[in-house]
Amino acid sequence: VIDGDPTVGGFSRIAGLISETKAENPNSTLVLDAGDCMMGSLFQALEPETGFQLHIMKQAGYDVVALGNHDFDFGLEKYEAIVRNAVKEGEIPILLGGNTVTDPESLKDNGFEALINEGLIKKYTITEKNGLKIGIFSLLGKDADESAPYAPPVTFDKIIPAAKKLVKELKNQGCDVIICLSHS
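Residues numbered from 1 in each chain as written. Predicted model: local features only at pLDDT ≥ 70, side-chain atom pairs only at ≥ 80, totals over all residues. Heavy atoms only, no water.

Draft legend 1. Seen up close, the sheet that holds strand β6 (residues 124-129). An order of β6-β7-β9 is seen for the 3 strands of this open sheet, with the pairing classed as mixed. Either end of the sheet is taken by a strand with one partner, and the two such strands are β6 and β9 (177-183). Shown here is a sheet whose adjacent strand axes are inclined to one another by a mean of 25°, direction ignored. Pairing of strand β7 (residues 132-140) with β9 involves 7 bridges; the strand directions are parallel. Directly across from F137, in β9, lies its bridge partner C180. The strands touched by helix α7 (residues 159-172) are β6, β7 and β9; relative to β7, the strand with the most contacts, the crossing angle is about 160°. (Pairing = 2+ DSSP bridges. Helix = DSSP H or I, 4+ residues; strand = E, 2+ residues; numbered from the N terminus. Axes fitted to C-alpha atoms, helices over the stretch in contact; angles between N-to-C directions. Contact = heavy atoms within 4.5 Å.)

Following this line, the structure appears as C-alpha cells:
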C-alpha cells in the first residue's frame with residue numbers, strides 16, 4: 001500500500017517509481033525488462049493495431065527490453081506491426097534479440113529481418129552511466145525457445161555459445177560492465 005492506495009501495478013505507478021529512482025540516482029539507473037513485456041493481460045489484444053505498450057514503456061523510463069518467447073505469440077507479421085505502430089507513436093525502448101537468427105531463404109521472416117536491418121531490434125547495446133561503459137545483450141533460452149511456436153522461421157542460437165560470442169564482442173568494444181538480460 002502506497003499512500004493508502006492498495007492498487008498494484010499500472011504504468012503510471014511504474015513510471016512514478018522509475019522517476020523517483022532516477023532522481024535519487026542521476027545518470028546511474030538503467031531500467032531493463034527481460035522479455036514478455038507485452039503479454040499477460042487483456043491489453044495484449046490491442047497490441048498488433050496500436051503497439052501502445054512499447055511507447056508507454058519508453059515514456060515511463062524503460063531503457064532496454066529483451067524479446068521473450070511470448071512476444072512472438074501473434075506471429076512474426078504481427079510482431080513487426082506492433083513495433084512499427086509503436087514507433088509511429090514516438091520513441092520506444094531499445095529492443096534486444098541477442099541470439100535470434102533469421103532465415104535468409106524464407107520470406108516469412110522478411111518483416112522481422114527488416115526490423116533488425118533498420119536497427120529496431122539489436123543483438124546488443126552499449127550505454128554509459130557515471131563513466132562506466134555498459135554493454136547489454138539478451139538471450140532467449142531453450143525452454144523459452146521451445147515455447148515460441150509462432151517464431152519460426154526465426155530460431156535462437158544456443159545460449160552458451162551465443163553468450164560467449166556477445167561477451168567477446170562487448171569486451172572488444174571496451175565495456176567495463178556487461179549485463180545479460182536472460183529470458184531462459
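Draft legend 2. Looking closely at the packing of aromatic side chains. Taken as a whole, this structure holds 4 aromatic pairs when the rule is applied. Between F72 and F112, the ring centres sit 5.8 Å apart and the planes meet at 50°, which makes this aromatic pair tilted. Of this pair, F72 sits in the loop between β2 (64-66) and α4 (76-89) while F112 sits in helix α5 (residues 110-117), placing them 40 residues apart in sequence. Of the two residues, F72 and F112, both sit in the buried class. Centre to centre, the rings of Y79 and F112 are 6.1 Å apart; their planes meet at 45°, and the pair counts as tilted. (Phe/Tyr/Trp six-rings, centres within 6.5 Å; stacked < 30°, edge-to-face > 60°. Buried < 20%, exposed > 50% of the residue type's maximum accessible area, 1.4 Å probe, protein only.)

Draft legend 3. Summary view of empty space enclosed by the protein. Under the criterion given, the structure shown has 1 cavity of 30 Å³ or more. The computed volume of the largest cavity comes to approximately 30 Å³. Every residue lining the largest cavity is listed: L67, L96, G97, G98, N99, T100, S138, L139 and L140. Here the lining of the largest cavity is built from residues that sort into 4 nonpolar, 5 polar and no charged. (1 Å grid on protein atoms, 1.4 Å probe; cavity = no way out; pocket = protein on both sides within 12 Å on 5 of 7 lines; lining within 4 Å. Points joined across faces, edges and corners; volume = space filled by probe spheres on them. Nonpolar A, V, L, I, M, F, W, Y, C, P; charged D, E, K, R; others polar.)

All we've got here are geometric facts, nothing functional implied.
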